[in-house]
Every structure is written in structure tokens, then in C-alpha cells.
Amino acid sequence: MQLNKFIGITDLQDIDFSFCNYAMSKALTEFQEHLKQSRRIVALVGAGLSVSSGLPTFRGAEGLWKNFNMIDLATPDAFYIDPGLVWQFYSWRRHNALKAKPNAGHHALAQLSKVPDLEFLTITQNVDGLSARSGHNKNNLYEIHGSLFTLKCTSFMCNYIEKDNMKVPLTPALRDTEFEYQPVRRKRRMIDYDSITMEQTEELTDEVAISPQFVPVKELNEKDLPQCPVCQDGSLLRPGVVWFGESLPLQELNEIDDFMEGGPVDLILVIGTSGTVYPANSYVDRVMLQGGKAAIFNTDIDDKILRGEVANTWGFKGDGAELLPLALRPLIEKDEQ
Ligand SMILES: [Zn+2]
């Protein structure tokens, strides 16, 4: 029952303490005291949170898709040279993201986004749409790297954007390109009305054969790829994500700036990201300069932070899906009642 005192909560039964140690318990108590007094909070979310939903980080799994370097495919040049190849890569990414489910960490933030009288926003660097699908208030969710489920026109003259498009396949020619490996197809005997035995092909998605073969990359014509419904000349649509070498969306950044300048932010939650890369670091710095505090939830955290040696910064090492519901409990529990 020692822990009870440090954690500051009374019902211990349903909490898994396996990841708690003394330092973390102490940090958690201090963090929750600050959380309860916070009126303005920002959450900054990175790829680590989606790992718990089964989505690898971009640089994980050696960063390859069918022997292509993923980073090479996520560029404007790659799309210009071979839009068919890039659309096949994105078909696969859209399919993986749709298969994944928002985890308890996404849901905890979604609850926070709906707490009355709390000024809150989530800035996510993830394009997988999991925060949106967790029921997060869309008015205070900023997907600063875009979304796999947004399509936008490539024409400089056109600003057509379609959001929340979850269609698979996007065009008939992109059928099956969502699979990295050949899906197993099994013949099934069916009897038709004339009592003639027919064989039908049943598709068993995502079951991989013992010796998996890549689904071959198709050579696709531009006319077989998603087209802008507005442009007369049939401009291509592209994934609405921010590619390497592109700028972050100005309007979203401006709205985040407005929030940051609308009064001191009491607390920034840095989740599943090191917080040391732009723009994460700039937001953390701004909050700290205004007198706010930072809490980092990540599998990899600087030892100095974990030892409590960095001023106004707490570190919680582990899986955000497990840690966030526990850490945010003082605010989201209230919301449930
Ligand atoms: Zn267009």
C-alpha cells in the first residue's frame, strides 16, 4: 500500500503497477497535481503512440516497402516520376492504418479534448487518422503532417481537397495494391441454382502464405489513378500528406500559433516522440519559456529527465497506450462522471 500514497489514488485494483517504480510514482503524483491545476494544455503526438496500435514507425522494419526505401517514396519527386508507384505505396499504408485501431492512449486524449472549461489541443505528427477515429474533438486536433485519408489535387490552379476518404481500392487499377504480400486466395466450392458445381474464389485478406511473395508492383497509367473531380483536364489527386522536402500546412501552424499566443500554456504532453526535432522542440520550448511544464511519455527518454534532474519536466518511460489513461485520470475521470 506504499504505492497508494505516492500515486495519490485510492482504487488500486484495476491499475497495473508493473511499470511503476518509486521515481515514476513520485513524478506521477507531482504531474497529476499540476494537471489538475492546468487550464491550457497542448498534446504533441508522434509515431510512438501508433506503435501500440500495431503501426510501425516509418523508419522501423528497415524502412522498406517491397524493397523500396519508404523515405524515397514519400517525396514530391517520386510522385512526379512515378505516381502509380507512389499510389501503390499509399494504398498499402492506408490499408494498414484502417486495419489498426485507436488505442487507450488515443482514447485518453480524445476524452481530454472534450473536458469542459479546458483549453486543449492535440498536435499530431501522425498521418494514420487514429486520433480522429478515437473520437477526438476535430476542432482541436491538428494533423500537421496531413492524413493518409485526405486526397488533394496536384494542379497548382486547383485547391480541391477531399477528407476522410477511406475507400479501398481508390480506383479499380489499384485493387490488391494494398497488400504487400500476395494474399492467400482459396477456391471454395459453391453450388448454383442449376445444381452445377461452381468454383468461386474467396479472398482471404492479410493471410500470408508460408513463402510470401510480394504483390508485384504494377505499371499504372495516370488515367488509372485517382483523378480530380473538379479539374477539366483530369489532374491527378495525390495523398494529402506532407512529404519530405515540403512545408507544413501554414493555416494549421497559424492556428496553433494563435492558441500558443492566447495565454500561457500550463502543460505540454509530449507523446511517442523525442520532442527534440522541429516542430516538436519549438512547441516545447515556447511552453517552457512561458512558465509551463512538460511531461514526456515515450519508450526512450533521457536519463536526466527520468531522474528528475531537468527542471519542470517529467518523464514517463513506457507505452503511451498504458501510461496516458493512468496519468490523465484526474481530468478524464471527471469527464466520465
Ligand atoms: Zn483539381
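Being a predicted model, the structure only gives us computed values, none of them experimental.

Asker: I keep staring at the coordination of the zinc ion and nothing clicks. Help me out?
Answerer: Each donor-metal-donor angle would ideally measure 109.5 degrees in four-coordinate tetrahedral geometry, or 90 or 180 degrees in six-coordinate octahedral geometry. Taken together, the protein donors to the zinc ion comprise C153 (SG), C158 (SG), C228 (SG) and C231 (SG), at separations of 2.3 Å. Angles of 104 to 117° at the metal separate the four donor atoms of the zinc ion, which places the site in the tetrahedral class. Each donor residue of the zinc ion lies on one chain, and together they are spaced C-x4-C-x69-C-x2-C. Taken together, the residues C153 in strand β6 (residues 146-153) and C231 in the loop between β9 (197-208) and β10 (237-241) connect sequence positions 78 residues apart. Classification of C231 by relative accessible area gives buried; the value is 16%.

Asker: Looking at this model, I keep getting lost on the pattern of salt bridges. Mind explaining?
Answerer: Side-chain pairing between opposite charges can occur once the charged atoms of the two side chains come close. Counting across every chain of the model gives nine salt bridges. Notably, a salt bridge pairs E30 with K26, separated by 3.4 Å at the nearest N-O pair. Here K26 and E30 lie together in helix α2 (residues 22-37), a separation of four residues that amounts to about one turn. According to the relative accessible area criterion, E30 is partly exposed, its value standing at 38%. A relative accessible area of 42% places K26 in the partly exposed class. With its nearest N and O atoms 3.0 Å apart, the salt bridge here joins R40 to E119. You can see R40 sitting in strand β1 (residues 40-45) and its partner E119 sitting in strand β4 (residues 119-124), a full 79 residues away along the chain. On the basis of relative accessibility, which here comes to 8%, the residue R40 falls in the buried class. When its relative accessible area of 40% is taken as the criterion, E119 is described as partly exposed. The structure contains a network of salt bridges with shared partners spanning D257, E261 and R286.

Asker: So what exactly am I meant to see when it comes to the nonpolar core here?
Answerer: W87 and Y90 are the most contacted members of the largest nonpolar core, which has 34 residues in total. Of all the secondary-structure elements, those providing two or more residues to this core are α4 (70-73), α5 (76-81), α6 (83-99), β6 and β10. Formed jointly, this core draws a minimum of three residues from each of two domains, domain 1 (1-55 + 101-145 + 247-337) and domain 2 (58-99 + 146-180 + 215-241). In this structure, M24, F31, V45 and F297 belong to the second largest nonpolar core, which totals 29 residues.

Asker: Mind showing me how you'd approach the sheet that holds strand β5 (residues 141-143) here?
Answerer: Backbone hydrogen bonds are what pair the strands of a sheet, in a parallel or an antiparallel way. Spatially, six strands are ordered β5-β4-β1-β11-β12-β13 in an open sheet, and the strand pairing comes out parallel. What marks the edges here is a single partner per strand, and that holds for β5 and β13 (313-317). Put simply, the sheet's adjacent strands are angled 15° from each other on average, direction ignored.

Asker: What exactly am I supposed to notice about the packing of aromatic side chains here?
Answerer: In this description, a pair of aromatic rings is defined by centroid distance and the angle of the planes. Counted by the stated rule, this structure contains 12 aromatic pairs. Taken together, the ring pairs connect W65, F68, F79, F89, Y90, W92 and W243 into an aromatic cluster. Looking at R40, its charged tip hangs above the ring of F259, at a distance of 4.2 Å from the centre. Seen from the ring of W243, R238 lies directly overhead, with NZ or CZ sitting 3.8 Å from the centre.

Asker: How should the pairing of β10 be read in this particular structure?
Answerer: Side chains on a regular strand alternate between the two faces of the sheet. Within β10, five of the five residues are buried, which leaves it mostly tucked inside the rest of the structure. Here four bridges tie β6 to β10, and the two strands are oriented antiparallel to one another. By the bridge assignment, G146 is partnered in β10 with V241.

Asker: What should I look at first to understand the packing of helix α7 (residues 104-112) against helix α12 (residues 320-327) in this one?
Answerer: Think of two packed helices as two axes; the pair is described by the angle between the axes and how far apart they sit. The N-to-C vectors of α7 and α12 enclose an angle of 30°; their axes lie 7 Å apart at closest approach. Of the possible angle classes, the one that applies to α7 and α12 is roughly parallel. Relative to α12, the crossing made by α7 is left-handed. Note on element contacts: α12 touches α7 through G320, A321, L324 and P325, opposite A104, G105, A108 and L109. Looking at the contact of α7 with α12 residue by residue, the classes come out as six nonpolar, two polar and no charged.

Asker: Quick question: what am I supposed to make of empty space enclosed by the protein here?
Answerer: Over the atoms rolls a probe the size of a water molecule, and its path tells where empty space is left. According to the stated counting rule, one finds three cavities of 30 Å³ or more in the structure shown. Here the largest cavity defines a volume of roughly 60 Å³. Lining the largest cavity are S91, R94, K167, V168, P169, L170, L174, T177 and E178. Residues of the lining of the largest cavity, tallied by class, amount to four nonpolar, two polar and three charged.

Asker: Which parts of the structure should I look at to understand the UniProt feature "active site" (unreviewed entry) in the protein chain?
Answerer: In this numbering, the UniProt entry assigns the feature "active site" (unreviewed entry) to H145. Mapped onto the secondary structure, H145 falls in the loop between β5 and β6. Apart from residues lying up to four places away in sequence, H145 is in contact with T124, Q125, V127, G240, V241, V242 and L248. Looking at H145, its side chain comes within polar contact range of the main-chain oxygen of Q125, at 3.1 Å.

Asker: Just checking my understanding: could you explain the confidence of the model for the protein chain for this structure?
Answerer: Note: predicted coordinates in regions of low pLDDT should not be interpreted at a detailed level. Per-residue confidence for the protein chain gives a mean pLDDT of 86; residues scoring 70 or more make up 83%. Below a pLDDT of 50 lies the segment residues 1-16, which in the model reaches 24 contacts outside its immediate sequence neighbourhood of four places, other chains included. Across residues 193-201, confidence stays below pLDDT 50; counting only partners more than four residues off in sequence or on other chains, it has 18 contacts.

Cut-offs and rules
- Residues numbered from 1 in each chain as written.
- Predicted model: local features only at pLDDT ≥ 70, side-chain atom pairs only at ≥ 80, totals over all residues.
- Heavy atoms only, no water.
- Donors = N, O, S within 2.8 Å, 3.2 Å for Na, K, Ca; no water.
- Tetrahedral: all angles 85-135°; square planar, octahedral: opposite > 155°, others 65-115°.
- Helix = DSSP H or I, 4+ residues; strand = E, 2+ residues; numbered from the N terminus.
- Buried < 20%, exposed > 50% of the residue type's maximum accessible area, 1.4 Å probe, protein only.
- Salt bridge = Lys/Arg side-chain N within 4 Å of Asp/Glu carboxyl O.
- Core = buried A, V, L, I, M, F, W, Y, C linked by side-chain atoms within 4.5 Å.
- Domains from an automatic or database assignment.
- Pairing = 2+ DSSP bridges.
- Axes fitted to C-alpha atoms, helices over the stretch in contact; angles between N-to-C directions.
- Phe/Tyr/Trp six-rings, centres within 6.5 Å; stacked < 30°, edge-to-face > 60°.
- Lys NZ or Arg CZ within 6 Å of the ring centre and 35° of its normal.
- Parallel < 35°, antiparallel > 145°, perpendicular 65-115°, else oblique.
- Left-handed = near helix turned anticlockwise from the far one by under 90°.
- Contact = heavy atoms within 4.5 Å.
- Nonpolar A, V, L, I, M, F, W, Y, C, P; charged D, E, K, R; others polar.
- 1 Å grid on protein atoms, 1.4 Å probe; cavity = no way out; pocket = protein on both sides within 12 Å on 5 of 7 lines; lining within 4 Å.
- Points joined across faces, edges and corners; volume = space filled by probe spheres on them.
- UniProt positions renumbered as here; feature names shortened; annotations may be inferred.
- Polar contact = N/O pair within 3.5 Å; in protein donor to acceptor, adjacent residues only side chain to side chain.
- pLDDT = per-residue confidence, 0-100.

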